[in-house]
Structure formats: structure tokens, C-alpha cells
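Inside the fold
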Amino acid sequence: MKRIAPAALSALKLALTHIYWYKNDLRSFLTNCLTDTTVLARLNWQAYKRDIV
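Since we're looking at a predicted model, the values are computed, not measured.

So, the overall build of the protein chain
Counting its regular elements, the protein chain contains four helices and zero strands. Beginning at the N terminus, the succession of helices and strands in the protein chain can be written as α-α-α-α. Split into buried and exposed, the 53 residues of the protein chain put 19% on the buried side. Accessible surface computed for the protein chain: about 4700 Å², of which carbon and sulfur atoms make up 58%.

Some words on the side chain of Thr17
Among the structural elements, Thr17 can be located in helix H1 (residues 6–19). By relative accessible area, Thr17 is classed as buried at 17%. Polar contacts involving the side chain of Thr17 include one to the main-chain carbonyl oxygen of Leu14, which spans 2.8 Å. Dropping the residues within four chain positions of it, Thr17 is found in contact with Lys49, Arg50 and Val53.

What about the packing of aromatic side chains?
Under the criterion given, the structure shown has one aromatic pair. The lysine or arginine in question, Arg50, covers the ring of Tyr48, its NZ or CZ lying 4.8 Å from the ring centre.

Calculation criteria
Residues numbered from 1 in each chain as written. Predicted model: local features only at pLDDT ≥ 70, side-chain atom pairs only at ≥ 80, totals over all residues. Heavy atoms only, no water. Helix = DSSP H or I, 4+ residues; strand = E, 2+ residues; numbered from the N terminus. Buried < 20%, exposed > 50% of the residue type's maximum accessible area, 1.4 Å probe, protein only. Areas by Shrake-Rupley, 256 points an atom, 1.4 Å probe, with all protein chains shown as cover. Polar contact = N/O pair within 3.5 Å; in protein donor to acceptor, adjacent residues only side chain to side chain. Contact = heavy atoms within 4.5 Å. Phe/Tyr/Trp six-rings, centres within 6.5 Å; stacked < 30°, edge-to-face > 60°. Lys NZ or Arg CZ within 6 Å of the ring centre and 35° of its normal.

Here you go:
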């Protein structure tokens, strides 16, 4: 398992919240990128985007 630097995670979080204006677009992106879809099932999609990311 590769580790990601905390600074990179912070930048990714900021980028995702700015790139995807709507939560449905963010959800679609994450669904296509993640191989483990159980992660998405645990998220609260009523929360703010920054909290979802």
C-alpha cells in the first residue's frame, strides 16, 4: 500500500470541492474512480462537499 503525503491529500480535497460544483457530479466521479464502493455507502451525502471529500 502506497502512502500519500498529507499535503497532497489537502490539495486533492480542495481541488475536488472546487472542480465539482454539484454533489451529484462529485458522487459520479468518486463512483468511477473507487474500486471499493462500500466507501461511498458510508458517506453522508446530505453534508457539505468538503465534509464528503
